[in-house]
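Here is what each chain is made of, one letter per residue.
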Amino acid sequence: MTAPVRTRDRHEAAVGLPRLLWVPAGLAFALIALPVVGLGLRTDWPRLPELLLSEAALDALRLSLLTASCSTVICIVLGGPLAVVLARGRLPGLQVLRSIVLLPLVLPPVVGGLALLYLVGRTGLVGQGLELAFGITVPFTTAAVVLAQTFVALPFLVVSLEGALRTSGQRYEAVAATLGASPALAFRRVTVPLVLPGLLSGAVLAFARCLGEFGATIAFAGSLQGTTRTLPLLVYLARESDVDAAVALSLLLVVVAVVVIAIARPRTVAS
Amino acid sequence: MRRPAFTLDVSISAAPGEVLAVLGPNGAGKSTLLGVLSGLLRPDEGLVRVGEHVVTDTAAGVHVPPHRRGVGLLAQQALLFPHLTARDNIAFGPRAAGVGRREARARAEELLTGVDAAALGDRRPAQMSGGQQQRVALARALAPEPALLLLDEPLAALDVDATPAMRALLRRVVRDGKQTAVLVTHSALDALVLADRVVVLTGGRVVEDGGTRDVLARPRSAFTARIAGLDLVPGVCDVGGLRTPDGLLVSGLTDGVDVGDTAVAVFPPSAVAVYATRPDGSPRNVLPVRLAAIEPRGDVVRLRAAAPPGGPAWVDGLAADVTPAAVADLGVEPGAELWFVVKATEVAIHGQ
């Protein structure tokens, strides 16, 4: 017998999929896909190059990619260890800590932006210190954009990576120990490679979330062309003055999102 | 070592180059024992020594972490690192010990050949069968040259076709290679082929300890008899046989036991004849039983006994191996009342 293992056998009869489910499932899909189609229909295709190549648009695109990349790196560097501590640590109160980490996920981003402003702003707890000690002002700078994006995107990376760490368990680390590997070596050569897919999908989710960030950014960083005006902010602004430009920029964001999903389809979604 | 369900309280030792098998029913504490030896578990009280090195001593507060014990582990599941090739899996231990990349690879190559897997060096675990993975896992466990190798039911998860080859490999590499090892198993065959000595754990205690052949040929506990495939009746030695708790005499040949000593009567299921009506004549043991189960076992059929109403309780669990034709002649089903008959010359009675 040479039945393929992975591909589905066309002789296999469908089991237990009620026909009624197709209706809401189709509606749900339409709700996601049709607005994008609508965007395509509304687009002024002949003027598209001109709209996308305007100085404001290019500035926003550059800024968006730069800040989203920076934020993703910070998410990995800080969120990675946090995920390991949450998944493997043995601290009392870890459960509470985990709930707090999820806060930006459920909080309206604008609220997050305001919270950041009152912490790092000129009169804020940390902001005052920074200003006095180093003469640094964070709000309404590119750094503020990165901070706002990191704030909202961090839980995506932490949750995704923590899940991967829990699923892989610690059996391989135990084996590594019996082979003479110290905890640090086992972490580097066993744990990290094993959860790399989880880390990657978490990073992709975080990057996508950074790219779409709007509320926290506008509250904490404002909207200054070239400094803090990312693509979503520009789309919102252009909507008032030049609808064609707003639609074209929206289309650009859709394309970037599709590319992100295509190069690294998040495992959590794929399986 | 106290666990929620039971307490493990044992004292075992393996001489250098010796393979010690640990047998026992589920929940006897075998895995807990290996956990303590490997350092993955901390006992409440205890002392573990590997060679000259004390690695666990609760009295002195010593607990050497697993990676500094020199204790290797091969478990049921191969657990090869999925992101590394077979060769890199094997080189992992030497690399962790600070051996150079090239030298570690050369050592891996040598071990791959040693486990008949030379062609698998570049494959990842997902591209290997269960048997191949277990071979590579054995090579990986041996690569750091552990002072003690723990084998945790290394054949239990393999399919039947792969088991004999792996068992032969373990014999060659571990037993003939004079690798000091502790083997946990459920199988009398594994113990016979692989181990020099056997301890039997039951309820967290050592109930038997001795040379593999002696322990399995002269079982003293019901569990050992069962895995050795023998019938066992406990009682007290009497003239000409064994007196059971309910006063019946099982005739047999006594072997170095004095009258009045606690003893067991042991006989192989193949020595048991089965009758539907009570037979008479000759010096034989005739035991009334109720048939509990009929189990096919290769060429023979094993009839498992339960205690009959009003009869002796100790016949429960006794087995008789008969031919399928004999079963057909008897025409019986579970629940039937039968007679198990054993010649006195087939019954060995030894001390407990």
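Cut-offs applied
Each residue is numbered by its place in its chain's sequence as written, counting from 1. As a convention, the first chain written is A and the first ligand written is 1, with the rest following in written order. Selection of residues for local features in this predicted model requires a pLDDT of at least 70, selection of side-chain atom pairs for listing and counting requires 80 or more, and totals for whole chains, interfaces and linings are taken over all residues. Here the side-chain values reflect all heavy atoms present in the structure, with hydrogen atoms and water set aside. UniProt positions are given in the numbering used here, feature names are shortened, and annotations may be inferred rather than shown by experiment. Think of it this way: any DSSP run of H or I at least four residues long counts as a helix, any run of E at least two long counts as a strand, and we number them from the N terminus. Residue contacts are counted whenever heavy atoms from the two residues lie within 4.5 Å of one another. All accessibility values rest on the Shrake-Rupley procedure with a 1.4 Å probe; residue burial counts only the protein chains present in the view. Planes of paired rings set the category: under 30 degrees apart is stacked, over 60 is edge-to-face and the rest tilted, where pairs are Phe, Tyr or Trp rings (Trp by its six-membered ring) whose centres lie within 6.5 Å. Think of it as a cone above the ring: NZ of Lys or CZ of Arg counts as a charge over the ring if it is within 6 Å of the ring centre and within 35 degrees of the ring normal. By definition, the buried area sums, over both parts, the 1.4 Å-probe accessible area that each loses when the two are put together. What counts as a salt bridge is simple: a side-chain nitrogen of Lys or Arg found within 4 Å of a carboxyl oxygen of Asp or Glu. Any two strands are treated as partners once DSSP identifies two or more bridges connecting them. Lines fitted to C-alpha atoms define the axes here, with helix axes fitted over just the stretch in contact, and angles between the N-to-C directions of these axes take values from 0 to 180 degrees. As annotated, the domain borders come from an automatic or database domain assignment. Only protein chains enter the accessibility calculation, which uses a 1.4 Å probe. A residue is then buried if its area is under 20% of the maximum for its type, exposed if over 50%, and partly exposed in between. Only residues whose relative accessible area exceeds 30% and that form no salt bridge enter a patch; like-charged residues are grouped when within 9 Å of one another, and nonpolar side chains (Val, Leu, Ile, Met, Phe, Trp, Tyr) when within 5 Å. Helix span, expected: 1.5 Å multiplied by one less than the number of residues in the helix. In this analysis the local bend is the angle between axes fitted, respectively, to the seven residues ending at and the seven residues starting at the residue. Per residue, pLDDT captures the predictor's confidence, and it can take any value from 0 to 100.

- Per an unreviewed UniProt entry, chain B is named ABC transporter ATP-binding protein, and its organism is Pseudonocardia hydrocarbonoxydans.

- Going by an unreviewed UniProt entry, chain A carries the name Molybdenum transport system permease and comes from Pseudonocardia hydrocarbonoxydans.
- Per UniProt, the comment on chain A under Subcellular location (unreviewed entry) is "Cell membrane".

### With respect to the overall build of chain B
(1) Moving on: Helices and strands together make up the secondary structure of chain B, namely nine helices and 20 strands.
(2) Moving on: Viewed in the frame of its principal axes, chain B has a C-alpha envelope of about 75 × 50 × 35 Å.
(3) Moving on: When contacts within chain B are restricted to residue pairs at least 6 apart in sequence, those whose partners lie at least 24 apart make up 65%.
(4) Moving on: Accessible surface for chain B amounts to roughly 16200 Å². Of this, 50% is attributable to carbon and sulfur atoms.

### Some words on the packing of aromatic side chains
(1) Moving on: Counted by the stated rule, this structure contains three aromatic pairs over all chains.
(2) Moving on: When the centroid spacing of 4.8 Å and the interplanar angle of 55 degrees are considered together, the rings of Phe81 of chain B and Phe92 of chain B count as tilted. Within this pair, whereas Phe81 of chain B is found in the loop between strand E5 (71–74) and helix H2 (86–96), its partner Phe92 of chain B is found in helix H2, the two being separated by 11 residues in sequence.
(3) Moving on: Ring pairing ties together the aromatic residues Tyr172 of chain A together with Phe81 and Phe92 of chain B, which thus form one cluster.
(4) Moving on: If you follow Arg239 of chain A out to its NZ or CZ, it ends over the ring of Tyr236 of chain A, 5.1 Å from the centre.
(5) Moving on: Positioned over the ring face of Phe81 of chain B is Arg140 of chain B, at 4.7 Å from the centre of the ring.

### Quick look at the interface of chain A and chain B
(1) Moving on: Between chain A and chain B, the residue contacts involve 17 residues of the former and 19 residues of the latter.
(2) Moving on: For the pairing of chain A and chain B, the buried interface totals around 1600 Å² over both sides, and the portion due to carbon and sulfur atoms is 74%.
(3) Moving on: Its largest share of buried area at the contact with chain B, chain A owes to Thr178, Leu179 and Arg189 of chain A, together 41% of the area lost on that side.
(4) Moving on: Viewed at the interface, chain B and chain A are joined by zero salt bridges.

### A look at the UniProt feature "transmembrane region" (unreviewed entry) in chain A
Residues and elements named next belong to chain A.
(1) Moving on: The UniProt record marks residues 20–41, 61–87, 99–120, 132–161, 194–225 and 245–264 with the feature "transmembrane region" (unreviewed entry), using the residue numbering of this structure.
(2) Moving on: Each end of residues 20–41 is marked by a C-alpha atom, and these two atoms are 31 Å apart; helix forms 91% of the span and strand 0%.
(3) Moving on: The distance from the first to the last C-alpha atom of residues 194–225 is 42 Å, and the span holds 78% helix and 0% strand.

### Notes on the sheet that holds strand E7 (residues 181–185) of chain B
Whether parallel or antiparallel, the strands of a sheet pair through hydrogen bonds between backbone atoms.
All names here are of chain B.
(1) Moving on: Read across the sheet, six strands follow the order E5-E6-E7-E1-E8-E9 without closing on themselves; strand pairing throughout is mixed. What marks the edges here is a single partner per strand, and that holds for E5 and strand E9 (205–211). Taken pair by pair, the neighbouring strands of this sheet meet at an average axis angle of 20 degrees, ignoring direction.
(2) Moving on: Of the strand pairs in this sheet, strand E1 (residues 19–23) and strand E8 (residues 197–202) are connected by four bridges, and their pairing is parallel. When the sheet's bridge partners are listed, Leu20 is paired in E8 with Arg197.
(3) Moving on: In this fold helix H4 (residues 130–142) packs onto E5 and strand E6 (148–152), with an angle of close to 175 degrees to the strand it touches most, E5.

### What about the domain arrangement of chain B?
(1) Moving on: As assigned here, chain B comprises domain 1 (19–217) and domain 2 (230–352).
(2) Moving on: A C-alpha centroid distance of 39 Å is found between domain 1 of chain B and domain 2 of chain B.

### Some thoughts on unusual backbone geometry
All names here are of chain B.
(1) Moving on: For Leu79, which is not a glycine, the phi torsion comes out positive at approximately 50 degrees.
(2) Moving on: Within the secondary structure layout, Leu79 lies in the loop between E5 and H2.
(3) Moving on: Although it is not a glycine, Glu153 sits at a positive phi angle of roughly 45 degrees.
(4) Moving on: Along the chain, Glu153 falls in the loop between E6 and helix H5 (163–175).
(5) Moving on: Note on Glu153: relative accessible area 14%, which makes it buried.

### Remarks on the sheet that holds strand E2 (residues 47–50) of chain B
Residues and elements named next belong to chain B.
(1) Moving on: Reading across the sheet, the three strands line up as E2-E3-E4 and stay open at both edges, with antiparallel pairing between neighbours. Edge positions in the sheet fall to E2 and strand E4 (62–63), since each of these pairs with one other strand and no more.
(2) Moving on: Pairing of E2 with strand E3 (residues 53–57) involves four bridges; the strand directions are antiparallel. The residue bridging Val50 from the neighbouring strand is His53, located in E3.

### Regarding the pairing of E9 of chain B
Residue and element names in this part refer to chain B.
(1) Moving on: For E8 and E9, the ladder comprises six bridges, and the chain directions are antiparallel. When the sheet's bridge partners are listed, Val198 is paired in E9 with Gly210.
(2) Moving on: Counting the residues between successive antiparallel strands, the hairpin from E8 to E9 contains two residues, one of them, Gly203, with a positive phi of roughly 55 degrees.

### Here we look at a nonpolar patch on the surface
(1) Moving on: On the surface, a cluster of nonpolar side chains totalling about 410 Å² of accessible area is made up of Val73, Ile74, Ile76, Val77 and Leu78 of chain A.
(2) Moving on: Note on placement: Ile74 of chain A falls in helix H3 (residues 55–88).

### What about H3 of chain A?
(1) Moving on: For H3 of chain A, with 34 residues, the first-to-last C-alpha span of 48 Å sits near the 50 Å given by 1.5 Å per residue.
(2) Moving on: Of all bends in H3 of chain A, the biggest is about 35 degrees, found at Gly79 of chain A, and the proline Pro81 of chain A comes one to four residues later.

### Let's talk about the confidence of the model for chain A
(1) Moving on: Predicted confidence across chain A gives a mean pLDDT of 88, with 93% of residues reaching 70 or more.
(2) Moving on: Low pLDDT, under 50, characterises residues 1–5 of chain A; the predicted model gives this stretch zero contacts beyond four residues in sequence or across chains.

### Some remarks on the pattern of salt bridges
(1) Moving on: For the structure on display, the rule yields 27 salt bridges over all chains.
(2) Moving on: With its nearest N and O atoms 4.0 Å apart, the salt bridge here joins Asp44 of chain A to Arg47 of chain A.
(3) Moving on: The exposure class of Asp44 of chain A is partly exposed, given its relative accessible area of 23%.
(4) Moving on: Judged by relative accessible area, Arg47 of chain A falls into the partly exposed class, the value being 29%.
(5) Moving on: Arg105 of chain B is paired through a salt bridge with Asp88 of chain B; the nearest N and O atoms lie 3.0 Å apart.

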